[in-house]
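Residue-level listing of the chains:
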Amino acid sequence: MKLDVDIYLKQGSFLLDAEFKSFESALGIFGPSGCGKSTLFRALAGLVRPDGGHIVLDGEPLFDSAQHIFVPPHKRSIGLVFQDARLFPHWSVEQNLRAGEHIKQRVVDRPFSYADMVDLLDIGHLIERSVEQLSGGEKQRIAIGRTLLSNPRMLLMDEPVTGLDASLKMQILPFLTKVHQTLEIPTILISHDLGEILQLTDHLLLMREGRAVGCNTLEKLIRNPQTLKELKGADLTNLIRVRVKQHNENRGITELRVYDNPEEIIRMEWCPDYAPGTELTIGIAANQIALASERIESISMRNQLPGYVAQIVHASDRSICHIETSAGLLFAEITPGTEQDMNLKIGAPIWALFKGLSIQRL
Amino acid sequence: MSSLTPSEWSAVWLSLKVALSVALVSAVPAVLLGWFFARKEFRGKLLLESLVHAPLVIPPVVTGYLLLVTFGRNGFIGKRLLEWADIRLVFTWQGAVLASAIVAFPLAVRSVRLAISMVDQRLEEAARTLGYPPLRVFLKITLPLAWPGILGGILLAFSRSLGEFGATITFAGNVAGSTQTLPLAIYSALQVPGEETAAMRMVIVSLVLCFASLLISELLTRRTKRKLDRKI
């Protein structure tokens, strides 16, 4: 996806003034509520017309105030999954799913069938039901299926799991990742939960008060004090690409090789779902990493990585210590007191410690 | 009380014919205008709405008089209709339809507007992102969801036409067999001494007809509300 956005839009006292470019196949939009994320989506989908600027997708201008171009929503072929599922109450589940199939050409070009989608979203048992009988999570799955079956060239998802309980989130989020990977549809996901976005991508657009205040990978955003400030309140997570080495059932651990440095082994709780050799991304929350000045032998922390302090960034609510380790750059959240007590200086050798249990599979 | 005489029957049939014609003639314009008022904001909307709704408050006899002035033989429109198409509305049953339609139309428009404004616009947005052009959104989403309310509005116009008196007698006249609808026949019967039983018979028929259609209209409106109250 090549998306070039520079728009402004005044709605009452709110001003959306966003400029960003993205070349990623997936992008997460992160920001506090009321920062204009949903309005930005409405502008991308064509449901509102910005007062000025341009939106260009893969070279095609969808909106350009200077050239008086405004492509109406039904001609944009941009799918939007709303926070509230918005199923049509007068139609059956199947009619809802097939709602976007009225454009023949889109169905012909579609790389998957209706049956494939029913399989992928695991909704076969819901087809016979009426829309009112569905639970919140089921409605949202139908809404996602409905949008995908219209074969959009880009998929926008506006907090698709907000308001659902944790177990439902864990049901739907992996679906979204699977859908994105299997169907290769460029996807933009809005969430105020960084963890949700990271399941899909680590490319982020940060928004605040109607403006795009950062667009980069999470790692680069954390490195920059300016953008780190914008991540206020987010649970910062270190992402490490690994390959499963072996399972050790007796000791209850699974060993992982760091992808970029196969010498380095990370141990997580026993997880036989992944065959040895499988590549995956793991996440370690920045506030789950402890620092030590030397290796500690008798401690329950399975993982101890040597490194040195690369940088310390201070934001209003926390300080982030960047540690260059054998598994790559890690971010550890620290208090100012820690910094003084341990006399942390740039270049000082340090060990990063974390429990195998604090590793999240993404 | 004996059954209706042939001339009373003809008044009943004429009333039904006029009311049905009003319903048919006003249905499409009322839906379009109701949708327009419910969904569009534009300059002069208030003025246009007032104009459409004016017959609700203007004395029907004044409406009838204004129709006579515009659609009469020498009226601004009536003259041209007669010259170009040889159509005469004044003192015909089609004239009664026109008079009733003008009076009943605002009721239909109001009901349609209410029914359409109750349809969740977020559903229409969802349809647009699925590739539905505006007309398809209207036909597939808005219209079916608002349908019972729209039907109720048209029935309301039908009911109102059954009872129309002032505008009809002024513009279409009171000609037995051609423009004498039920209310006009009742009025005529009351003018003649000894016709009280005939008047009473027609009053009962009139009440039954109006109540029945009003009841159906109310039921349909409620059904729309119920249908749209379900949160999906």
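Residues numbered from 1 in each chain as written. Chains lettered and ligands numbered in written order. Predicted model: local features only at pLDDT ≥ 70, side-chain atom pairs only at ≥ 80, totals over all residues. Heavy atoms only, no water.

## Concerning the packing of aromatic side chains
All names here are of chain B. Applying the stated rule across the entire model yields eight aromatic pairs over all chains. Ring centres of Trp35 and Phe36 lie 6.5 Å apart, and the angle between their planes is 40 degrees; this geometry places the pair in the tilted category. For Phe36, a relative accessible area of 31% gives the class partly exposed. With centroids separated by 6.5 Å and ring planes inclined at 75 degrees, the aromatic side chains of Phe71 and Phe171 adopt a geometry described as edge-to-face. Of this pair, Phe71 sits in helix α3 (residues 60–71) while Phe171 sits in helix α8 (residues 166–171), and the two are 100 residues apart along the sequence. Phe171 matches Phe71 in its accessibility class, with the two residues each being buried. (Phe/Tyr/Trp six-rings, centres within 6.5 Å; stacked < 30°, edge-to-face > 60°. Buried < 20%, exposed > 50% of the residue type's maximum accessible area, 1.4 Å probe, protein only. Helix = DSSP H or I, 4+ residues; strand = E, 2+ residues; numbered from the N terminus.)

## Let's talk about the nonpolar core
Within the largest apolar cluster, 58 residues are counted, with the highest numbers of intra-cluster contacts made by Leu3, Leu40, Ile55, Phe88, Leu156 and Ile188 of chain A. Among the elements that line this core, the one with the most residues is helix α7 (residues 134–162) of chain B, at ten residues. With sequence-adjacent residues up to four places away left out, Leu156 of chain A is seen in contact with Phe41, Leu44, Ala45, Ile78, Gly79, Leu80, Val81 and Ile188 of chain A. Residues Ala26, Val118, Leu155 and Ala286 of chain A belong to the second largest nonpolar core, which totals 55 residues. (Core = buried A, V, L, I, M, F, W, Y, C linked by side-chain atoms within 4.5 Å. Contact = heavy atoms within 4.5 Å.)

## Points about the domain arrangement of chain A
All names here are of chain A. Per the domain assignment, the segments of chain A are domain 1 (3–230) and domain 2 (237–361). Taking the mean C-alpha position of each, domain 1 and domain 2 sit 33 Å from one another. Residue-level contacts link nine residues of domain 1 with nine residues of domain 2. Here domain 1 and domain 2 share an interface that buries about 920 Å² over both sides, 74% of which is from carbon and sulfur atoms. Its largest share of buried area at the contact with domain 2, domain 1 owes to Ile222, Arg223 and Leu228, together 54% of the area lost on that side. (Domains from an automatic or database assignment. Buried area = accessible area lost by both parts, 1.4 Å probe.)

## Points about the packing of helix α2 (residues 45–53) of chain B against helix α5 (residues 93–117) of chain B
Residue and element names in this part refer to chain B. Orientation of α2 relative to α5, taken along the N-to-C sense of each, is 130 degrees, at an axis distance of 8 Å. Classified by the interaxial angle, the pair formed by α2 and α5 is oblique. The residues of α5 that touch α2, namely those facing Glu49, Val52 and His53, are Phe105, Pro106, Val109, Arg110 and Arg113. Grouping the amino acids of the contact of α2 with α5 by side-chain chemistry returns four nonpolar, one polar and three charged. (Axes fitted to C-alpha atoms, helices over the stretch in contact; angles between N-to-C directions. Parallel < 35°, antiparallel > 145°, perpendicular 65-115°, else oblique. Nonpolar A, V, L, I, M, F, W, Y, C, P; charged D, E, K, R; others polar.)

## So, α2 of chain B
All names here are of chain B. Every buried residue of α2 is accounted for by Lys45, Glu49, Val52 and His53. Around the axis of α2, the buried residues are gathered within 90 degrees of arc, so they sit on the same side. Of the residues in α2, the exposed ones pointing more than 90 degrees away from the buried face are Leu47 and Leu51. Buried residues in α2 make contact with α1 (6–39) and α5. (Arc of directions from axis to C-beta.)

## Remarks on the interface of chain A and chain B
In this complex, chain A contributes 28 residues to the contact, which on the side of chain B involves 20 residues. Interface area for chain A against chain B, summed over the two sides, is near 2100 Å², with a carbon-plus-sulfur share of 65%. Here chain A is connected to chain B by three salt bridges. Residues Glu125 of chain B and Arg42 of chain A are paired through a salt bridge, measuring 2.7 Å at the closest nitrogen-oxygen approach. Joining chain A to chain B, the criterion identifies eight residue pairs in polar contact (both at pLDDT 80 or more). Looking at the side of chain A that touches chain B, the elements with two or more residues in it are α1 (37–45), β7 (78–81) and α5 (136–149) of chain A. (Salt bridge = Lys/Arg side-chain N within 4 Å of Asp/Glu carboxyl O. Polar contact = N/O pair within 3.5 Å; in protein donor to acceptor, adjacent residues only side chain to side chain.)

## Examining the pattern of salt bridges
Scanning the entire structure with this criterion turns up 26 salt bridges over all chains. Residues Glu159 of chain A and Lys37 of chain A are paired through a salt bridge, measuring 4.0 Å at the closest nitrogen-oxygen approach. Highlighted residues: Glu159 of chain A in the loop between β8 (154–158) and α6 (166–183) and Lys37 of chain A in helix α1, separated in sequence by 122 residues. Exposure remark for Glu159 of chain A: the relative accessible area of 8% places this residue in the buried category. When salt bridges with common partners are traced through the structure, they connect Arg42, Asp84 and Arg86 of chain A together with Asp120, Arg122 and Glu125 of chain B into a single cluster.

## Observations regarding the sheet that holds strand β12 (residues 237–248) of chain A
What links the strands of a sheet is backbone hydrogen bonding, and the strands pair in either a parallel or an antiparallel sense. All names here are of chain A. One open sheet accounts for five strands, arranged β14-β13-β12-β15-β21; its pairing is antiparallel. At either end of the open sheet lies a strand with only one pairing partner, and these are β14 (261–269) and β21 (359–361). If you compare each strand with its neighbour and ignore which way they point, the axes differ by 45 degrees on average. Sheet topology places strand β15 (residues 279–285) next to β21; three bridges connect them, and they run antiparallel. Following the sheet pairing, Gly283 is matched in β21 by Gln360. (Pairing = 2+ DSSP bridges.)

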